[in-house]
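Each chain, written out:
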Amino acid sequence: MTDTEEPKLYVNRWGDTADPAPERRGSRQDACSCFDQSRPHPRARVGFHTERQDTSASGWQHLLELVDEAAADGREEFRPLTELSPEERRQVITLPPSIARLTAVKHLVLYGSNLVRIPPEIGSMISLEEFTPYTSYRLHWFPYEITRCQKLTRSTVSTRALFGNEKLRPPFPRLQPAQDSVVDLDLENLDPRRWGSTAIHRCSVCNRLIAQSGFHQVWISLRVATDVLPLLGSACSSACVADLPDGAKRYIPTPHTGGRVDQPASDWD
């Protein structure tokens, strides 16, 4: 669903995370100035969010407990933010790799989150049918691994917050040059400013260990469920990059490395 098609909420679909008042949103969500989400500016310079998750924060520890509970009871809907205080929600900027254990979850609700990235382990949520990170305005991209959620058919994303979205066409962060060897990289402690993530283990395409091969990052925009999402793929070889599909219609047609790449005209042009 796009931002121009906001639902008429006669009932609270989102639990107690739904809070449209800006003065109250600030208690659980940091401001984002990566690009103007209200008007087109395709030549702006953008980058990745550089924050690292504070794993000692109470919000993170609480989230780990909630993931464990959801994995143990096999629930089909997981909306962890409703269990966190506003302060705790603000402390959570990503999800833990343990979400890979949520194989029974059909609906993941992250409404109004403070997230800046989603881990590739979301691809292990094999039962996922609906994904709702709506009004997560700092979440500008998703891991390519989300395409492994083959049952995913419904999504509710604030599309104006996405890199390359067809409304505004903001640019994509420029990616690092491809590397045929990762011997000089600490894959468990990456700089998110350069790589988008703090840890990468496996190839987004073939699932082989990155540590045993190379490191090639590319952008590709694909339709995932209801929305076209900018996906960051971390491939182990140029052959895996070549195996990626074509981009979505009206988006950049091939995988690319971001920066000042030509995009189709925005809806505002």
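Anything mentioned here points back to the structure above.
A brief look at the structure comes next. Note that residues are indexed from 1 along each chain, following the sequence as it is written. Only residues with pLDDT of 70 or above have their local features reported here, since the model is predicted, and side-chain atom pairs are shown and tallied only from 80 upward, although totals for entire chains, interfaces and linings are computed over all residues. By convention in this description, side-chain values take in all heavy atoms of the structure and omit both hydrogens and water.

Moving on, we get to the overall build of the chain. Per the convention used, a helix needs a DSSP run of H or I reaching at least four residues, while a strand needs a run of E reaching at least two, with both numbered from the N terminus. Regarding its fold elements, the chain presents 5 helices and 7 strands. For the chain, the N- to C-terminal ordering of α and β elements is α-α-β-α-β-β-β-β-α-β-β-α. Counting the 269 residues in the chain, one finds 53% classified as buried. Within the chain, contacts between residues separated by at least 24 positions form 65% of all contacts whose residues are at least 6 apart in sequence. Here, Shrake-Rupley sampling with a 1.4 Å probe gives the accessible areas, and only protein chains in the shown set may cover a residue. For the chain, the accessible surface area stands at approximately 12700 Å², while carbon and sulfur atoms represent 47% of it. When accessible area is computed with a 1.4 Å probe and restricted to protein chains, residues below 20% of their type maximum are described as buried, those above 50% as exposed, and intermediate ones as partly exposed. Throughout, a contact is declared for two residues whenever any of their heavy atoms are within 4.5 Å.

What counts as a salt bridge is simple: a side-chain nitrogen of Lys or Arg found within 4 Å of a carboxyl oxygen of Asp or Glu. Enumeration according to the criterion identifies 10 salt bridges in this entry. Between Arg-138 and Glu-51 there is a salt bridge, with its nearest N and O atoms 2.6 Å apart. In this pair, Arg-138 sits in the loop between strand S3 (130–132) and strand S4 (142–143) while Glu-51 sits in the loop between helix H1 (22–25) and helix H2 (58–73), placing the two residues 87 residues apart along the sequence. By relative accessible area, Glu-51 is classed as partly exposed at 27%.

Moving on to the packing of aromatic side chains. Here is the rule: rings of Phe, Tyr and Trp (six-membered ring for Trp) pair when centre to centre is within 6.5 Å. Planes less than 30 degrees apart are stacked, more than 60 are edge-to-face, and the remainder are tilted. Taken as a whole and assessed by the stated rule, the structure comprises 10 aromatic pairs. With 5.9 Å between their ring centres and 75° between their planes, Phe-48 and Trp-141 make a pair best called edge-to-face. You can see Phe-48 sitting in the loop between H1 and H2 and its partner Trp-141 sitting in the loop between S3 and S4, a full 93 residues away along the chain. Of the two residues, Phe-48 and Trp-141, both sit in the buried class. Among the aromatic side chains, those forming a connected cluster through ring pairs are Phe-35, Phe-48, Trp-141, Phe-163, Phe-172 and Trp-219.

Here a patch means residues that are over 30% exposed by relative accessible area and free of salt bridges, tied together within 9 Å if like-charged and within 5 Å if nonpolar (Val, Leu, Ile, Met, Phe, Trp, Tyr). His residues and chain termini do not enter the charge count, which takes Lys and Arg as positive and Asp and Glu as negative. Think of each charge as sitting on NZ of Lys, CZ of Arg, CG of Asp or CD of Glu. On the surface, a cluster of positive charge is made up of Arg-43, Arg-45, Arg-174 and Arg-260. Its place among the elements puts Arg-45 in the loop between H1 and H2.

The next thing to look at is the pairing of strand S6 (residues 216–224). Among the 9 residues of S6, 8 are classified as buried, and the element is accordingly described as predominantly covered. Where S6 and strand S7 (residues 227–235) come together, 9 bridges link them in antiparallel fashion. Bridge pairing links Val-224 to Asp-227 in S7. Paired strands are those between which DSSP finds at least two bridges.

Along the polypeptide, Thr-226 turns up in the loop between S6 and S7. Here Thr-226 falls in the partly exposed class, since its relative accessible area comes to 35%.

Any pair of cysteine sulfurs within 2.5 Å is marked as a disulfide. Within this structure, the stated rule accounts for 0 disulfides. Free cysteine Cys-32: the closest other cysteine sulfur is in Cys-34, separated by 3.6 Å. Given the relative accessible area of 23%, Cys-32 is considered partly exposed. A disulfide-free cysteine, Cys-206 has its sulfur positioned 3.6 Å from the sulfur of Cys-236, the nearest such atom.

This next bit is on the nonpolar core. Put simply, a nonpolar core is a bunch of buried Ala, Val, Leu, Ile, Met, Phe, Trp, Tyr and Cys residues held in one set by side-chain atoms that sit within 4.5 Å of each other. Counting 50 residues, the largest nonpolar core has Ile-118, Phe-131, Phe-142 and Leu-231 as its most contacted members. By residue number, the principal contributor to this core is H2, which donates 5 residues. Once residues within four sequence positions are removed from consideration, Ile-118 is found in contact with Thr-94, Leu-95, Leu-110, Phe-131, Leu-139, Phe-142 and Pro-143.

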